[in-house]
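# Breakdown of the fold
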Amino acid sequence: MTEHPVDLDKHRGMAAQKATELRRALAEVEANVRELREREADLENRMLTVPAASWPEAATKARYLLNLYAASLPVEDTRHRALVAALFDDFVRLSEEG
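Once a new chain begins, its residue numbering starts again from 1 and follows that chain's sequence as written. Only residues with pLDDT of 70 or above have their local features reported here, since the model is predicted, and side-chain atom pairs are shown and tallied only from 80 upward, although totals for entire chains, interfaces and linings are computed over all residues. Remark: hydrogens and water are excluded; side-chain values derive from all non-hydrogen atoms of the structure.

On to helix 2 (residues 55–72), then. Here a helix means four or more residues in a row that DSSP labels H or I, a strand means two or more in a row labelled E, and each is numbered from the N terminus. In this scheme, a helix's expected span is set at 1.5 Å multiplied by one less than its residue total. A rise of 1.5 Å per residue sets the reference length of helix 2, with its 18 residues, at 26 Å; its end C-alpha atoms lie 26 Å apart and thus fit the reference within 8%. Burial classification: accessible surface area is computed with a 1.4 Å probe over protein chains only, and a residue below 20% of its type maximum counts as buried, one above 50% as exposed, and the rest as partly exposed. Every buried residue belonging to helix 2 is among Ala-59, Tyr-64, Leu-66 and Ala-70, and all of these are buried. Residue contacts follow a heavy-atom distance rule, with two residues in contact if any of their heavy atoms lie within 4.5 Å. For helix 2, the secondary structure elements touched by its buried residues are helix 1 (14–49) and helix 3 (78–97).

Here it is in structure tokens:
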């Protein structure tokens, strides 16, 4: 018996090693997606339960919602994408004026 662990991946063929790496990468991505969804749900719950205390806070909530909307738009819907971009520009301009 040795004090060092045996790296079993070295004893597998290349195809098996690649399949193992792929499974590990997929498991990591799935864990990250789960974590992201949990964080998004937490953020959205806070946005629902805590009213905005100022116009900038309300604009932050609107910006988040508009980003969700824009992400769901088909690529060819350039008109609505342009409207969302124009509104974001308005948010920036008005926040600089205030």
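Let us keep going from here.
Right, let's talk about the packing of helix 1 against helix 2 for a bit. Think of two packed helices as two axes; the pair is described by the angle between the axes and how far apart they sit. For helices, the fitted axis covers only the stretch in contact; all axes are lines through C-alpha atoms, and the angles between them, taken along N-to-C directions, range from 0 to 180 degrees. Two elements in contact, helix 1 and helix 2, have axes whose closest approach is 11 Å; the angle formed by their N-to-C orientations is 135°. One element, helix 1, and the other, helix 2, form an angle in the oblique class. Considering how the two elements wind past one another, helix 1 and helix 2 form a crossing that is left-handed. Here Glu-40, Leu-43, Glu-44 and Met-47 of helix 1 lie close against helix 2, whose contacting residues are Thr-60, Lys-61, Tyr-64 and Leu-68. In this classification, Asp, Glu, Lys and Arg are treated as charged, Ala, Val, Leu, Ile, Met, Phe, Trp, Tyr, Cys and Pro as nonpolar, and every other residue, Gly included, as polar. In terms of residue class, the contact of helix 1 with helix 2 is made up of four nonpolar, one polar and three charged. The scheme is simple: roughly parallel for angles under 35 degrees, roughly antiparallel for over 145, roughly perpendicular for 65 to 115, oblique for anything else. The crossing is said to be left-handed when, going from far helix to near helix, the turn is anticlockwise and less than a right angle, and right-handed when the turn is clockwise.

In globular proteins that are soluble, nonpolar side chains generally tend to be buried together. Counting six residues, the largest nonpolar core is built from Ala-59, Leu-66, Ala-70, Val-84, Phe-88 and Phe-91. Secondary-structure elements contributing two or more residues to this core are helix 2 and helix 3. Dropping the residues within four chain positions of it, Val-84 is found in contact with Leu-66, Tyr-69 and Ala-70. Think of a nonpolar core as a cluster: buried Ala, Val, Leu, Ile, Met, Phe, Trp, Tyr and Cys residues, connected wherever their side-chain atoms sit within 4.5 Å.

Moving on, we get to the confidence of the model for the protein chain. Each residue gets a pLDDT score, which is the predictor's confidence in that residue and runs from 0 to 100. On average, residues of the protein chain score 90 in pLDDT, and 90% of them are at 70 or above. When pLDDT is averaged over each helix and strand of the protein chain, the minimum, 92, is found for helix 3 and the maximum, 94, for helix 1.

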